[in-house]
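Remarks on the overall topology
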Amino acid sequence: MATFGHCSPLIFLAIFLSHLAAVANGEDFFLDWHVALNTTIKPVYVDQPVITINGMFPGPLINVTTNDVVHVNVFNDMDEPLLMTWNGIQQRLNSWQDGVSGTNCPIQPSMNWTYVFQIKDQIGSFFYFPSINFHKAGGGFGAIRVNNRGVIAVPFPLPEAEFDLLIGDWYHHNFKSVRDTMNASSCAYHSNPDRMLMNGKGWDKNHSKVQESFTVTKGKTYRFRVSNVGIAWSINFRIQNHKMVIVETEGSYTNQMTLDSLDIHVGQSYSVLVTADQNPADYYIVASPKLINTSDNSTLVAVGLLHYDNSTTPPNGPLPNGPDPFDQVFSVNQARSITWNLTTGAARPNPQGSFNVSNVTLSQTFILEGSIAEIHGNPRYTVNNVSNLIPDTPLKLADQLANGSGVYQLNQFPVNSTLSASINGTFVVTGNHKGWLEIVFKNDLQVMDSWHLDGFGFYVVGFGVGNWKPELRYTYNLYNPVVRSTIQVYPGGWTAVYAYLDNPGMWNLRSQHLKNWYLGQELYVRVYDADPNPAKERPPPDNLLYCG
């Protein structure tokens, strides 16, 4: 029998497997973040507090690899309680680190708390942001990259470089003032942002404000990780005279598709490849809001530059045109064309296509309709005419200490019907552990909505207009639906997703539109496994905060 040096094949195999285990376990990353209010940044030329992290707006990049463990020690240097959440990071078996009001007590001013979570079995583009007290309208967000392990190939040639691009709408006013307006009157429904920012920078054709710029070399290809970190508006993203190839969205490699422009809805992230194949010069990068008319002089348009190195030629002509912002057919058709690449691996070596929904058996269906209402004279957003009230004790903590007794109502939420009258309440619904859940999101509003499920990716199987009916399931794409964590719901329309509930915990299901979420358009799904085995769900962390 052949040997390897002084090692037998069995010893060599053991060493090799040990190495693979170390790779699978990932590395530890330790981050210290000081979250504070800064009044000197002025992204829109006015005095307003901006939430910074270590003095940065946007905050620092989290750049990690599948299975790495991230330790984020958050120091709250603001004057009010704070939580951070990790948009799209699935927190496998560990909703204690989710960073939303239903799972965590807030970090009080002048205090700190350390989040510890593993980027388990994920790749892709995501972002983080502050989740309570309307803080997202003041900043505090930043990009997350999760890279492939070295043993798993990326399904496109290695780009020359990668760029993170965070785009979102912004208020002229102090976020605290806007928050007070949200709490006070029906004007909350009509309180729209004033600007669009690109990596925290505004643009005004009449001012010499520095724009966000990305330097490229002719003939090279670059990966842009683009996220809509905004409050209310879907955007259309495009680059003057350049095509984009979409390759990934929120942890899923897509079938590659060449586009002139891409609709990105609130809370969504994409990776696109851009080849610098034009004459060396500067070219406009543009993000304009959907369902709103704008012009080249509008502050509602975010503008940056694609700068060829050594270029001395400024951008030429008007901003590049996108599709009609009111053309819903274009947007729906583009959404339907974004599908899963079944032939490639991602976090695991087996192809994405080995996980499919072509023959699953549904165990539950939730039909959830978003709307607005006046409840006891206050503006509220609702789900099936229920507006969520946030209790003093987080739901997950109440579940741990007293089985939720007195804090929330379990399984009293109308998951398949709309109440005849709008109410406030604190409800939790049960999701069947290791069952397949169908969620049909309905949008009763005349504006775009966007929904997110913490803890899971879901398969986007269908879009439609008007009322959803069970017979419309025949229109679903069950062959290669893309998997993501945030999905748009068009005005007067519906969107259907499938989720496999294999991740025990208390998980937030919410509108990604900030005022909708802040005013009650959310609920919590409790995926419960009675087995105390920590391999099923991790116990509370040693540094658990208590409140309520």
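Residues numbered from 1 in each chain as written. Predicted model: local features only at pLDDT ≥ 70, side-chain atom pairs only at ≥ 80, totals over all residues. Heavy atoms only, no water.

Points about the overall build of the protein
Per the secondary structure count, the protein includes five helices and 33 strands. Taking 548 residues into account, the globule formula puts the C-alpha radius of gyration at 24 Å, and the protein, at 23 Å, falls close to it. Based on the C-alpha atoms only, the size of the protein along its principal axes is roughly 80 × 65 × 55 Å. Buried positions account for 58% of the 548 residues belonging to the protein. Taking as baseline every contact in the protein between residues at least 6 positions apart, the subset at least 24 positions apart corresponds to 78%. A gap of 3 Å separates the mean positions of the 33 positive and 43 negative side-chain charges of the protein. (Helix = DSSP H or I, 4+ residues; strand = E, 2+ residues; numbered from the N terminus. Rg over C-alpha atoms; globule rule 2.2 N^0.38 Å. Buried < 20%, exposed > 50% of the residue type's maximum accessible area, 1.4 Å probe, protein only. Contact = heavy atoms within 4.5 Å. Lys, Arg positive; Asp, Glu negative; His and termini not counted. Charge placed at Lys NZ, Arg CZ, Asp CG, Glu CD.)

So, the side chain of Asp68
The residue Asp68 is located in the loop between strand S3 (62–65) and strand S4 (69–76) in this model. No salt bridge is formed by the buried Asp68, whose closest oppositely charged neighbour, Arg149, lies at an N-O distance of 8.9 Å. Engagement of the side chain of Asp68 in a polar contact is seen with the backbone nitrogen of Glu27, the distance being 2.8 Å. A polar contact is formed between the side chain of Asp68 and the backbone nitrogen of Thr65, at a distance of 2.8 Å. The contact partners of Asp68, leaving out residues within four places of it in the chain, are Gly26, Glu27, Phe29, Phe117, Gln118 and Ile119. (Salt bridge = Lys/Arg side-chain N within 4 Å of Asp/Glu carboxyl O. Polar contact = N/O pair within 3.5 Å; in protein donor to acceptor, adjacent residues only side chain to side chain.)

A short note on the sheet that holds strand S5 (residues 84–87)
Here four strands make up an open sheet; going across it, the order is S3-S8-S7-S5 and the pairing mixed. With one partner strand each, in any of the chains shown, S3 and S5 form the two edges of the open sheet. Recorded for the sheet is a direction-independent mean angle of 20° between the axes of neighbouring strands. In the sheet, S5 pairs with strand S7 (residues 124–130) via four bridges, with the strands oriented antiparallel. The residue of S7 that forms the bridge with Trp86 is Tyr128. (Pairing = 2+ DSSP bridges. Axes fitted to C-alpha atoms, helices over the stretch in contact; angles between N-to-C directions.)

Quick word on unusual backbone geometry
What you tend to see is this: most non-glycine residues have negative phi, and most peptide bonds are trans. The residue after Phe57, namely Pro58, is reached through a cis peptide bond having omega -10°. In this fold, Pro58 is placed in the loop between strand S2 (50–53) and S3. If you check the backbone angles, Ser110 has positive phi at about 70° while not being a glycine. By secondary structure assignment, the location of Ser110 is in the loop between S5 and strand S6 (112–118).

Considering the pattern of salt bridges
Overall, the coordinates contain 20 salt bridges when judged by the stated rule. Salt-bridge contacts for Asp121 lead to Arg348; the nearest nitrogen and oxygen are separated by 3.2 Å. Here Asp121, found in the loop between S6 and S7, pairs with Arg348, found in the loop between helix H3 (328–337) and strand S20 (362–375); they are 227 residues apart in sequence, far enough to count as distant. Since its relative accessible area comes to 29%, Asp121 is described here as partly exposed. The partly exposed category is assigned to Arg348, whose relative accessible area is 39%. One salt bridge in this structure joins Lys396 and Glu537, with 2.4 Å as the shortest N-O distance. A residue pair is termed long-range when its members are at least 10 positions apart, and Lys396 in helix H4 (residues 395–402) and Glu537 in the segment after strand S33 (522–527) qualify at 141 residues. Look at Lys396 and you get buried, because its relative accessible area is 8%. Using a relative accessible area of 16% as the deciding quantity, one classes Glu537 as buried. What emerges from the salt-bridge pattern is a single network uniting Arg145, Glu162, Asp164, Arg223, Arg225 and Glu248.

Observations concerning the state of the cysteines
Per the counting criterion, the structure on display carries one disulfide. Cys105 shares a disulfide with Cys547; S-S distance 2.1 Å. Given an S-S torsion of about -90°, the disulfide between Cys105 and Cys547 has left-handed geometry. Of this pair, Cys105 sits in the loop between S5 and S6 while Cys547 sits in the segment after S33, and the two are 442 residues apart along the sequence. Judged by its relative accessible area of 22%, Cys547 falls in the partly exposed class. (Disulfide = S-S within 2.5 Å.)

A look at the packing of aromatic side chains
All chains considered together, the criterion is met by 26 aromatic pairs. Ring geometry for Phe163 and Phe214: centres 5.1 Å apart, planes at 55°, overall tilted. Highlighted residues: Phe163 in strand S9 (residues 161–170) and Phe214 in strand S11 (residues 212–216), separated in sequence by 51 residues. Seen from their ring centres, Phe413 and Phe427 are 6.2 Å apart, and the 65° between their planes marks the pair as edge-to-face. In this pair, Phe413 sits in the loop between strand S23 (409–410) and strand S24 (423–425) while Phe427 sits in strand S25 (residues 427–431), placing the two residues 14 residues apart along the sequence. Positioned over the ring face of Trp517 is Arg510, at 4.4 Å from the centre of the ring. (Phe/Tyr/Trp six-rings, centres within 6.5 Å; stacked < 30°, edge-to-face > 60°. Lys NZ or Arg CZ within 6 Å of the ring centre and 35° of its normal.)

Some remarks on the sheet that holds strand S15 (residues 252–259)
Spatial strand order, S10-S9-S12-S17-S14-S15: six strands in an open sheet with mixed pairing. Of all the strands in the sheet, the pair left with one neighbour each is strand S10 (195–198) and S15. Across the sheet, the mean angle separating the axes of adjacent strands is 25° when strand polarity is ignored.

A few points about the pairing of S11
What you see with S11 is a clean split: Glu212, Phe214 and Val216 sit on the buried side and Ser213 and Thr215 on the side with no burial. Bridge count for S11 against strand S19 (residues 302–308) is five bridges, and the pairing is parallel. Note on S19: the bridge partner recorded for Ser213 is Leu305.

A short note on H4
Residues of H4 that are buried: Leu395, Lys396, Leu397, Ala398 and Asp399. Against S25, strand S32 (505–511) and S33 lie the buried residues of H4.

Notes on the side chain of Ser298
Residue placement: Ser298 occurs in the loop between strand S18 (282–289) and S19. By relative accessible area, Ser298 is classed as buried at 14%. For Ser298, the side chain forms a polar contact with the main-chain nitrogen of Leu300, separated by 3.0 Å.

The values are spatial; any link to function lies outside them.
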